[in-house]
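# What the coordinates show
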Amino acid sequence: MTDLKTRSRPTGATAVLGRTGFPHVTSATGGELGIVTGPSQPGFNPLDLLHASLSACLAMSARIAASQRGVLDRVVEISAEVTGEKATEGLSRIQTFYIVLTIKGDIDDETRNAIARAAEEEICTVSNTIRGNAEFSTIVSS
């Protein structure tokens, strides 16, 4: 298996909004994103960002898994499409994530499935966090 060196980077985001309008989000590294909430507005809403985080993490994790298995040179493209279904009872949340992980290249199905399992169940920080029971530490200020 190939050892991949992980470099850490600042993580986190801050959302700011006034009495009216939509949130504006800034990442710890200075990235900016406007949030929309209307059903026909183009852009990201908070659930889109959750799906985007999971899809990006799974795609990158699948690439790592392919590298660990020594088949990355045979991978042409990896895509992860993520949608979800909200729960109809209880707390407002996504009840089920639907994931289509496509790994294009000269790879057999057994290896493709092993890459997908490793990406989703071992490597992806986002999927591991969603499955886990993360703690929240909140400070309220004025």
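Per an unreviewed UniProt entry, the recorded name for the protein is OsmC family protein, and the organism is Rhizobium herbae.

### Considering the overall build of the protein
Counting its regular elements, the protein contains 3 helices and 5 strands. Helices (α) and strands (β) of the protein occur, in sequence order from the N terminus, as β-β-β-α-β-β-α-α. Viewed in the frame of its principal axes, the protein has a C-alpha envelope of about 55 × 35 × 30 Å. Taking all 142 residues of the protein together, the buried fraction comes to 22%. In the protein, 41% of the contacts between residues at least 6 apart in sequence involve partners at least 24 apart. Just so you have it, the protein exposes about 10,600 Å², and 51% of that area is on carbon and sulfur atoms. The averaged location of the 16 negative side-chain charges in the protein is 6 Å from the averaged location of its 13 positive side-chain charges.

### Overview of the packing of helix 1 (residues 46-68) against helix 2 (residues 109-123)
Taken N-terminus to C-terminus, the directions of helix 1 and helix 2 make an angle of 120 degrees; their axes are 8 Å apart at the nearest point. By the angle between their directions, the pair helix 1 and helix 2 is classed as oblique. Every pair of crossing elements has a handedness; the one defined by helix 1 and helix 2 is right-handed. Contact residues: helix 1 offers L58, S61, A62, I64, A65, A66 and Q68, while helix 2 offers I115, A118, A119, E120 and I123. Counted by class, the contact of helix 1 with helix 2 contains 9 nonpolar, 2 polar and 1 charged residues.

### Quick word on the pattern of salt bridges
Tallied over the full model, the rule gives 3 salt bridges. Of the charged contacts, one joins K104 and E77 as a salt bridge, the two residues approaching to 3.6 Å between their closest N and O atoms. Taken together, the residues K104 in strand 5 (residues 94-105) and E77 in strand 4 (residues 75-86) connect sequence positions 27 residues apart. K104 sits in the partly exposed class, given a relative accessible area of 43%. A salt bridge links E120 to R131, with the shortest nitrogen-to-oxygen separation between them at 2.6 Å. Here R131 lies in helix 3 (residues 125-131) and E120 lies in helix 2, a separation of 11 residues in the sequence.

Cut-offs applied
- Residues numbered from 1 in each chain as written.
- Predicted model: local features only at pLDDT ≥ 70, side-chain atom pairs only at ≥ 80, totals over all residues.
- Heavy atoms only, no water.
- Helix = DSSP H or I, 4+ residues; strand = E, 2+ residues; numbered from the N terminus.
- Buried < 20%, exposed > 50% of the residue type's maximum accessible area, 1.4 Å probe, protein only.
- Contact = heavy atoms within 4.5 Å.
- Areas by Shrake-Rupley, 256 points an atom, 1.4 Å probe, with all protein chains shown as cover.
- Lys, Arg positive; Asp, Glu negative; His and termini not counted.
- Charge placed at Lys NZ, Arg CZ, Asp CG, Glu CD.
- Axes fitted to C-alpha atoms, helices over the stretch in contact; angles between N-to-C directions.
- Parallel < 35°, antiparallel > 145°, perpendicular 65-115°, else oblique.
- Left-handed = near helix turned anticlockwise from the far one by under 90°.
- Nonpolar A, V, L, I, M, F, W, Y, C, P; charged D, E, K, R; others polar.
- Salt bridge = Lys/Arg side-chain N within 4 Å of Asp/Glu carboxyl O.

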